[in-house]
Amino acid sequence: MQKTLSAFDKVMESCRTLFKKKLDDYGTSWRILRPLSLTDQIFIKARRLRSIEEKEVQKINESPSEDLKAIINYGLIALIQLKKEFSKDTELSLQEALDDYDREAEKVKALMINKNHDYGEAWRDMRRSSMTDMILQKILRLRQIEDKKINPSVSEGPEGHYMDIINYAIFALILEGVSSTKKLSS
């Protein structure tokens, strides 16, 4: 488990660095996005991953790892937006945005720790392509919840789905780091 925690922290450090650089470039313009728009942003990135896995060729010079990092960051932004709600006033201080990011990332990490305990790190034996499928499934569930404007009675709500999506993306990045010689679709 210590190996996983260390790898998790490295992935999150990389994602946070990217998030901060984007804040420096664009500020908190993402504050105007509703969660459903963030779900669609994650969907676009996940569909690209699946397309590359299926075609085994890509034409845009952006690595699948960058898509996974975007999924993580959009997922964390969605969790922030669920708490704060979207706003026409996009101004949020850099420190407040980073604090919100860190707070949501800690919740995702706590969920990962609990699930790893119960599932015995089963994700390490999953195919990388299955992680893409799990992300897409969670997105489709989110879209059903958003489109029908419902609160699920027996299933988890949006927060749980976003957290699972983030964790699957982190797991995929960890596996890529562990076995960078494997093909993406393995």
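Refer to the preceding data block for the structure.
Note that the structure is predicted; figures quoted are calculated from it, not measured. (Residues numbered from 1 in each chain as written. Predicted model: local features only at pLDDT ≥ 70, side-chain atom pairs only at ≥ 80, totals over all residues. Heavy atoms only, no water.)

Q: Hey, could you go over the overall build of the protein for me, with residue numbers and the actual values?
A: The number of helices and strands found in the protein is six helices and zero strands. Start at the N end of the protein and walk to the C end: the helices and strands fall as α-α-α-α-α-α. Here the protein has a C-alpha radius of gyration of 16 Å; the compact-globule value for 186 residues is 16 Å, and the two agree. A principal-axis box enclosing the C-alpha atoms of the protein has dimensions of 45 × 40 × 35 Å. Looking at the protein as a whole, 45% of its 186 residues qualify as buried. Here the analysis covers contacts within the protein between residues at least 6 apart in sequence; of these, 82% occur between residues at least 24 apart. Within the structure as shown, the protein displays about 10500 Å² of accessible surface, and the carbon and sulfur contribution to it stands at 50%. Both charge centroids of the protein, one from 32 positive and one from 30 negative side chains, sit 4 Å from each other. (Helix = DSSP H or I, 4+ residues; strand = E, 2+ residues; numbered from the N terminus. Rg over C-alpha atoms; globule rule 2.2 N^0.38 Å. Buried < 20%, exposed > 50% of the residue type's maximum accessible area, 1.4 Å probe, protein only. Contact = heavy atoms within 4.5 Å. Areas by Shrake-Rupley, 256 points an atom, 1.4 Å probe, with all protein chains shown as cover. Lys, Arg positive; Asp, Glu negative; His and termini not counted. Charge placed at Lys NZ, Arg CZ, Asp CG, Glu CD.)

Q: Give me the lowdown on the nonpolar core, citing residues and values where you can.
A: The biggest cluster of nonpolar side chains holds 47 residues, and the ones touching the most others in it are M12, W30, I72, L76 and I170. Contributing elements (two or more residues each) for this core: α1 (2–26), α2 (35–55), α3 (64–84), α4 (94–119), α5 (128–148) and α6 (158–178). With twelve residues, the top contributor of residues to this core is α6. (Core = buried A, V, L, I, M, F, W, Y, C linked by side-chain atoms within 4.5 Å.)

Q: Quick rundown of the packing of α2 against α3? Include the residues and the values.
A: The description of two packed helices rests on the angle between their axes and on the distance between the axes. Across the interface, α2 lies against α3 with an axial gap of 9 Å and an inter-helix angle of 165 degrees. Here α2 lies roughly antiparallel to α3, going by the angle between them. Every pair of crossing elements has a handedness; the one defined by α2 and α3 is left-handed. Residues P35, L38, Q41, I42, K45, A46, R48, L49 and I52 of α2 pack against P64, D67, L68, A70, I71, Y74, G75, I77, A78, Q81 and L82 of α3. Broken down by class, the residue content of the contact of α2 with α3 amounts to 14 nonpolar, three polar and three charged. (Axes fitted to C-alpha atoms, helices over the stretch in contact; angles between N-to-C directions. Parallel < 35°, antiparallel > 145°, perpendicular 65-115°, else oblique. Left-handed = near helix turned anticlockwise from the far one by under 90°. Nonpolar A, V, L, I, M, F, W, Y, C, P; charged D, E, K, R; others polar.)

Q: I'd like to hear about the packing of aromatic side chains, residue by residue, with values.
A: Under the criterion given, the structure shown has four aromatic pairs. Between F19 and Y101, the ring centres sit 4.4 Å apart and the planes meet at 25 degrees, which makes this aromatic pair stacked. Taken together, the residues F19 in helix α1 and Y101 in helix α4 connect sequence positions 82 residues apart. Each member of the pair, F19 together with Y101, is buried. Between Y168 and F171, the ring centres sit 6.4 Å apart and the planes meet at 90 degrees, which makes this aromatic pair edge-to-face. (Phe/Tyr/Trp six-rings, centres within 6.5 Å; stacked < 30°, edge-to-face > 60°.)

Q: Tell me about the pattern of salt bridges, residues and numbers included.
A: Within the structure shown, the criterion is met by 22 salt bridges. In this structure, K84 engages E96 in a salt bridge whose closest nitrogen and oxygen atoms are separated by 2.9 Å. Separated by twelve residues along the polypeptide, K84 in helix α3 and E96 in helix α4 bring together distant segments of the chain. Between E176 and R128 there is a salt bridge, with the nearest N and O atoms lying 3.3 Å from each other. One end of the pair, E176, is in helix α6; the other, R128, is in helix α5, and 48 residues separate them in sequence. (Salt bridge = Lys/Arg side-chain N within 4 Å of Asp/Glu carboxyl O.)

Q: Can you tell me about the layout of surface pockets, naming the residues and giving the values?
A: Roughly 450 Å³ of internal volume is contained in the largest pocket. Within the residue set of the lining of the largest pocket, elements represented by two or more residues are α1, α2 and α3. Classifying every residue of the lining of the largest pocket gives nine nonpolar, four polar and four charged. (1 Å grid on protein atoms, 1.4 Å probe; cavity = no way out; pocket = protein on both sides within 12 Å on 5 of 7 lines; lining within 4 Å. Points joined across faces, edges and corners; volume = space filled by probe spheres on them.)

Q: Please provide a residue-by-residue account of unusual backbone geometry, values included.
A: A positive phi angle, near 60 degrees, is found at E56, a position not held by glycine. Inspection of the secondary structure puts E56 in the loop between α2 and α3. By relative accessible area, E56 is classed as exposed at 53%. Despite not being glycine, E121 has its phi angle at roughly 55 degrees, a positive value.

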